[in-house]
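Spelled out, the chains give:
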Amino acid sequence: MSDQFRSLLSRFATGVTVATTADADGKPWGMTASAVTSVSLEPPLLLICVDREAKFHAALHGATGFALNVLAADQKNLSRTFAGSLADPFASADYRIGPDGFPLLAGVVAHIICSRWGTFDAGDHTVFFGEVSGGEIFEGLPLLHYRSKYTTTAMNHN
Ligand SMILES: Cc1cc2nc3c(=O)[nH]c(=O)nc-3n(C[C@H](O)[C@H](O)[C@H](O)COP(=O)(O)O)c2cc1C
């Protein structure tokens, strides 16, 4: 099933984010994630599904919230960096720490800031719900992921 599952779900085009957070010591953590969905308007909720085995999972469990950095079309390398096994993916990244303490990457199309609202165990992943408390929008084309490859939109929506 797992090959068929991957192949079926790969036909659902998504955007690509780098989810970031900070642990109790203020250490930044980040992970490339496309399993992100808008959930509710009132309150404003979204969800992100995180593999229990990922280092980011432990960081998120102890955190007050997280930021979603929505990647731009020219940020494939950033997506790869934060999906890899580098000890410190932030070493090569251009970022600042936002007012809530979460790392905010430069050059993205949006920052979405969330406080942790709840979690739900789902198979080998945990669904983390975030209540959106703010964010920022920037111009640019989005990075998309479709059929296991990176792509973008043909149109500029500015
Ligand atoms: C485009 C793309 C989307 C991804 N989306 C998710 C996701 O939504 N949730 C998840 O847990 N892992 C996702 N991953 C995989 C993680 O980024 C990757 O497994 C993780 O960074 C590895 O962490 P580890 O070194 O702690 O195992 C995605 C990877 C890529 C390239």
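As shown above, the structure is provided for reference.
The structure presented is a predicted model; accordingly, all values stated were derived computationally and were not measured. (Residues numbered from 1 in each chain as written. Predicted model: local features only at pLDDT ≥ 70, side-chain atom pairs only at ≥ 80, totals over all residues. Heavy atoms only, no water.)

Engineer: A description of the site of the ligand should follow, citing residues and the corresponding values.
Structural biologist: In the region of the ligand, 16 residues are neighbours, and T32, A35, C49, D51 and K55 sit closest. With respect to the ligand, the backbone of D51 contributes an N or O atom lying 2.8 Å from an oxygen atom. Between an oxygen atom of the ligand and a main-chain N or O atom of K55, the distance comes to 2.7 Å. Across the complex, the protein chains shield 75% of the 640 Å² of accessible surface that the ligand would expose by itself. Within the residue set of the shell around the ligand, elements represented by two or more residues are strand 3 (28-33) and strand 5 (45-51). Taken together, the residues of the shell around the ligand break down into 9 nonpolar, 5 polar and 2 charged. (Near = heavy atom within 4 Å. Polar contact = N/O pair within 3.5 Å; in protein donor to acceptor, adjacent residues only side chain to side chain. Areas by Shrake-Rupley, 256 points an atom, 1.4 Å probe, with all protein chains shown as cover. Helix = DSSP H or I, 4+ residues; strand = E, 2+ residues; numbered from the N terminus. Nonpolar A, V, L, I, M, F, W, Y, C, P; charged D, E, K, R; others polar.)

Engineer: Break down the pattern of salt bridges for me, citing the residues and quoting the values.
Structural biologist: Scanning all chains against the criterion turns up 2 salt bridges. Between D121 and R52 there is a salt bridge, with its nearest N and O atoms 3.7 Å apart. You can see D121 sitting in strand 9 (residues 110-122) and its partner R52 sitting in the loop between strand 5 and helix 2 (55-61), a full 69 residues away along the chain. According to the relative accessible area criterion, D121 is exposed, its value standing at 54%. Under the relative-accessibility criterion, R52 is labelled partly exposed at 36%. (Salt bridge = Lys/Arg side-chain N within 4 Å of Asp/Glu carboxyl O. Buried < 20%, exposed > 50% of the residue type's maximum accessible area, 1.4 Å probe, protein only.)

Engineer: Account for the sheet that holds strand 4 (residues 36-40), with residues named and values stated.
Structural biologist: Each strand in a sheet pairs with another by means of backbone hydrogen bonds, the pair being arranged parallel or else antiparallel. Within the open sheet, the 7 strands sit side by side as 3-2-6-9-10-5-4. Their pairing is antiparallel. Because the sheet does not close on itself, it has two edges, and the strands there are strand 3 and strand 4. Averaged over all pairs of adjacent strands, the angle between strand axes in this sheet comes to 35°, irrespective of strand direction. Sheet topology places strand 4 next to strand 5; 4 bridges connect them, and they run antiparallel. Each bridged residue has a counterpart across the sheet, and for S40 the counterpart in strand 5 is L45. (Pairing = 2+ DSSP bridges. Axes fitted to C-alpha atoms, helices over the stretch in contact; angles between N-to-C directions.)

Engineer: I'd like a description of a nonpolar patch on the surface, backed by residues and values.
Structural biologist: A cluster of nonpolar residues, M1, F5, L8, L9 and F12, forms a patch on the protein surface that exposes about 600 Å² of accessible area. Inspection of the secondary structure puts L9 in helix 1 (residues 2-9). (Patch = residues over 30% accessible without salt bridge, like charges linked within 9 Å, V, L, I, M, F, W, Y side chains within 5 Å.)

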